[in-house]
Protein chains: 2
Amino acid sequence: MDLDPKQPRIDDAFGRILARCWEAGTAPWSAVEVIERDDGLIAAHDASRYFREPEQWTALDRWAWEQATGRILDVGCGGGRHAVPWLARGHEVVGVDASPEAVRITRERGVEALVGSVPCLPEGLGEFDTIVLFGNNLGLLAGPDQAPQVLAALAAVARPGTRLIGTGTDPGDGGTAHADYHAWNLSRGRARGQLRLRVRDGATATSWFDYWLAAPNELAAAVAESAWTPEALERDPAGPSYVMCLRK
Amino acid sequence: MDLDPKQPRIDDAFGRILARCWEAGTAPWSAVEVIERDDGLIAAHDASRYFREPEQWTALDRWAWEQATGRILDVGCGGGRHAVPWLARGHEVVGVDASPEAVRITRERGVEALVGSVPCLPEGLGEFDTIVLFGNNLGLLAGPDQAPQVLAALAAVARPGTRLIGTGTDPGDGGTAHADYHAWNLSRGRARGQLRLRVRDGATATSWFDYWLAAPNELAAAVAESAWTPEALERDPAGPSYVMCLRK
């Protein structure tokens, strides 16, 4: 009897979750986001976090959001959590997300959005005054090897003086929950906080992708070789979150 | 670079989830139960369902619960959802669960409970007037090949006249969501609704186990060869759930 487990079908699992939550009026726990890490760790989150309104954000996230000026590129825009209120405030904003369903929802909410990811952004985006990697999306820098290409791709749609604002998570020493994962990563030539993840939903999963939880000083090397100059670093006094602002 | 995903560590994932929910006062979504099927399907449930009070149960579940008489064996007792109210009503009840944490919680709630599973029940249980497989636990019959041993193990702790009451789910034709799984099961010599599952929590998972969603007539063959005689079948008029009552 064949008892080898099968793998889920590769599809837009993240977008399916977002869509279920959106169709349920973004009610808490109307959709559950299941994230699997490549060491077998699994986590389940309330997907309504992707639709929280500005007044529900942390003070640090609100601060970061307030920094945006002019024409904004929202990289990994999800369901438009940050972009929709920018639009309401009169900003021109373009969202990009690897998830077709995320893009569909963001558009439905009135924001221009395109399917795409870093470092391969869609063609014809034009130039921006602010580029954001919000919702912890400094993780999309992916790792020390990939970050230079991502930073270059973002510089290619930036004007001189454009700001790149990202939110991230300092992995610290991993604590008791993640120290083994950090050690495994280091042993296989990866950065300690370089997560390898996939999102799962029903019979589907995204492909595995790298998502880099880097300490600010770990990002420094990649930034130093890039078109970007560090300008500000704001840390959450109560946790591992931070905002990094770079200037082209 | 080694990018082969690892498997989770085998541990009491189900019990960890129950314990987290219990320690949170059984608040909705205080813990999420992630169940993986061997075709890659993943599902996330509110674990507080394992602590719902009788007034929150379906009419069919309440009916089944009311049928119990005398000394009761609760097979797969979980956190004591059914056993605690039986105890409150003056029944003698013993719970058995494969999860050490489930047993710990059930005991903490005042009900005698032991770690064990079918067909290998703990020694020295004595005999019972009612044996229940509640919370869909007819699934613990596991499959057409395993069911006879399970039914025999339960008969061994039954008196003449003892009732075995179980709740189950008719898998039907699987619908669009499960037809492919049924077909895969049949192609590998399994019953169509013979789920192969594991529970995942954090870095841990249970071992894979068989959980049989059988139509009542599929159970009939296994029951016919056993010490048990069918006595009653009650179906949920609005869904696939049913209660089967057998008599020794």
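What you are looking at is a predicted structure, and each value in this text was computed from that prediction instead of being measured.

A. How the structure looks around the relation of the copies chain B and chain A. Expressed as a screw operation, the relation of chain B to chain A combines 0.0 Å of axial shift with a rotation of 180°, fitting to an RMSD of 0.0 Å. On this basis, the relationship between the two copies can be described by a two-fold rotation axis.

B. A look at the interface of chain B and chain A. Contacts between the two partners involve 28 residues from chain B and, on the opposite side, 28 residues from chain A. Between chain B and chain A the total buried area reaches about 2,500 Å² when both faces are included, carbon and sulfur atoms providing 62% of it. Inspection of the chain B/chain A interface yields 2 salt bridges. Residue A:Arg200 pairs with B:Glu36 through a salt bridge whose shortest N-O separation is 2.8 Å. Counted by class, the side of chain B that touches chain A contains 13 nonpolar, 4 polar and 11 charged residues.

C. Up close: the packing of helix α1 (residues 13–23) of chain A against helix α4 (residues 100–108) of chain A. Residues and elements named next belong to chain A. Between α1 and α4, whose axes approach to 8 Å, the crossing angle comes to 35°. Contact residues: α1 offers Phe14, Gly15, Arg16, Leu18, Ala19, Trp22 and Glu23, while α4 offers Glu101, Ala102, Arg104, Ile105 and Glu108. Class assignment of the residues belonging to the contact of α1 with α4 gives a composition of 6 nonpolar, 1 polar and 5 charged.

D. A look at the packing of aromatic side chains. Residue and element names in this part refer to chain A. What the rule picks out here adds up to 15 aromatic pairs over all chains. For the pair Trp86 and Phe134, a centre-to-centre distance of 5.6 Å together with 40° between the ring planes defines the contact as tilted. One end of the pair, Trp86, is in helix α3 (residues 83–88); the other, Phe134, is in the loop between β7 (128–133) and α5 (147–155), and 48 residues separate them in sequence. On the accessibility criterion, Phe134 (3% relative accessible area) is buried. Taken together, the ring pairs in this structure connect Trp57, Trp65, Trp86 and Phe134 into an aromatic cluster. Stacked on the ring of Trp184, the Lys or Arg Arg188 has its end atom at 3.6 Å from the ring centre.

Conventions and cut-offs
- Every chain's residues receive numbers from 1 upward, in the order its sequence appears when written.
- Labels are handed out in written order, letters beginning with A for the chains and numbers beginning with 1 for the ligands.
- Only residues with pLDDT of at least 70 are given local features in this predicted model, and only at 80 or more are side-chain atom pairs given and counted; all residues enter the totals for whole chains, interfaces and linings.
- The basis for every side-chain value is the complete set of heavy atoms in the structure, and neither hydrogens nor water enter the calculation.
- We superpose the copies by least squares over the C-alpha atoms of residues that have a pLDDT of at least 70 in both of them.
- The contact criterion used throughout is that any non-hydrogen atoms of two residues lie within 4.5 Å.
- By definition, the buried area sums, over both parts, the 1.4 Å-probe accessible area that each loses when the two are put together.
- Put simply, a salt bridge is a Lys or Arg side-chain nitrogen that is within 4 Å of an Asp or Glu carboxyl oxygen.
- Basically, the charged four are Asp, Glu, Lys and Arg, the nonpolar ten are Ala, Val, Leu, Ile, Met, Phe, Trp, Tyr, Cys and Pro, and anything else, Gly included, counts as polar.
- The angle between two axes is taken between their N-to-C directions and runs from 0 to 180 degrees, where each axis is a line fitted to C-alpha atoms and a helix contributes only its stretch in contact.
- Only runs of H or I of at least four residues qualify as helices and only runs of E of at least two qualify as strands under DSSP, and these elements are numbered from the N terminus.
- Pairs were defined over the aromatic rings of Phe, Tyr and Trp, the Trp ring being its six-membered one, requiring ring centres within 6.5 Å. Orientation was assigned from the angle between planes: stacked under 30 degrees, edge-to-face over 60, tilted for the rest.
- The buried label goes to any residue with under 20% of its type's maximum accessible area, the exposed label to any with over 50%, and the partly exposed label to all in between, with areas taken from a 1.4 Å probe on protein chains only.
- Consider the ring centre and the ring normal. A charge sits over the ring if Lys NZ or Arg CZ is within 6 Å of that centre and within 35 degrees of that normal.

Keep in mind these numbers describe shape, not what the thing actually does.
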